[in-house]
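Here is what each chain is made of, one letter per residue.
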Amino acid sequence: MTMNNIPIDENVLQLKGTFFYDFLEHKFSFELKEIIRLQGYSSPYSLLYSNNQFLDFIHIKSDDPSILIIKRLAAFHRSDDTWVVKAGIQYDVDQLMSSLRQLKESVTTLHCK
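Residues numbered from 1 in each chain as written. Predicted model: local features only at pLDDT ≥ 70, side-chain atom pairs only at ≥ 80, totals over all residues. Heavy atoms only, no water.

J.: What exactly am I supposed to notice about the packing of aromatic side chains here?
T.: Pairs of aromatic rings are described using the distance from one ring centre to the other and the angle between the two planes. The full count for this structure, using the stated rule, is three aromatic pairs. Sitting over the ring of Phe-76, Lys-86 keeps its end group 5.3 Å from the ring centre. (Phe/Tyr/Trp six-rings, centres within 6.5 Å; stacked < 30°, edge-to-face > 60°. Lys NZ or Arg CZ within 6 Å of the ring centre and 35° of its normal.)

J.: Sorry if this is basic, but what is going on with the pattern of salt bridges here?
T.: If the charged atoms of two oppositely charged side chains come close together, the side chains can form a pair. Counted under the stated rule, the structure contains three salt bridges. A salt bridge links Lys-33 to Glu-25, with the nearest nitrogen and oxygen atoms 3.1 Å apart. We classify Lys-33 as buried; its relative accessible area is 11%. The network of salt bridges with common partners includes Glu-25, Lys-33, Glu-34 and Arg-37. (Salt bridge = Lys/Arg side-chain N within 4 Å of Asp/Glu carboxyl O. Buried < 20%, exposed > 50% of the residue type's maximum accessible area, 1.4 Å probe, protein only.)

J.: Is there a simple way to explain unusual backbone geometry in this structure?
T.: Backbone phi values are negative for most residues with the exception of glycine, while trans is the configuration of most peptide bonds. Non-glycine residue Asp-81 carries a positive phi angle of around 65°. The residue Asp-81 is located in the loop between strand E1 (75–77) and strand E2 (83–85) in this model. (Helix = DSSP H or I, 4+ residues; strand = E, 2+ residues; numbered from the N terminus.)

J.: I keep staring at the packing of helix H1 (residues 17–27) against helix H2 (residues 30–38) and nothing clicks. Help me out?
T.: Angle between the axes and distance between the axes are the two parameters that describe a pair of packed helices. Interaxial distance between H1 and H2 falls to 7 Å at its minimum, and their mutual angle equals 145°. Every pair of crossing elements has a handedness; the one defined by H1 and H2 is right-handed. On the side of H1, the interface is formed by Phe-20, Tyr-21, Leu-24 and Glu-25, while H2 contributes Phe-30, Lys-33, Ile-36 and Arg-37. Of the residues contributing to the contact of H1 with H2, the split by class is five nonpolar, no polar and three charged. (Axes fitted to C-alpha atoms, helices over the stretch in contact; angles between N-to-C directions. Left-handed = near helix turned anticlockwise from the far one by under 90°. Contact = heavy atoms within 4.5 Å. Nonpolar A, V, L, I, M, F, W, Y, C, P; charged D, E, K, R; others polar.)

J.: Would you take a moment to explain the side chain of Ser-43 for this structure?
T.: Position of Ser-43 relative to the elements: it lies in the loop between H2 and helix H3 (44–48). We classify Ser-43 as buried; its relative accessible area is 10%.

What follows is the structure, encoded as structure tokens:
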């Protein structure tokens, strides 16, 4: 399936902190913003260059309240004590990452010419 990226402006790559979180909430959702914020990502580059997939936290076995908050935003808890990412959250994550990668690539290509 081909993904149609959500159009985002070049300046998004420069956003940090509150400005980045506001962008996420406006363009995607409150839930995605909180999932990213609560994990400590503060800019597009922190997402793009992270070695972790930022939805991997749902596999962490923990009663830590901060982890449970994020899990409840991002996933459904099953009766077998596993968690499954909500389809809408997964879609938003895929769209965000694809759009950021494409934007970074186009900006890099533009500046290299």
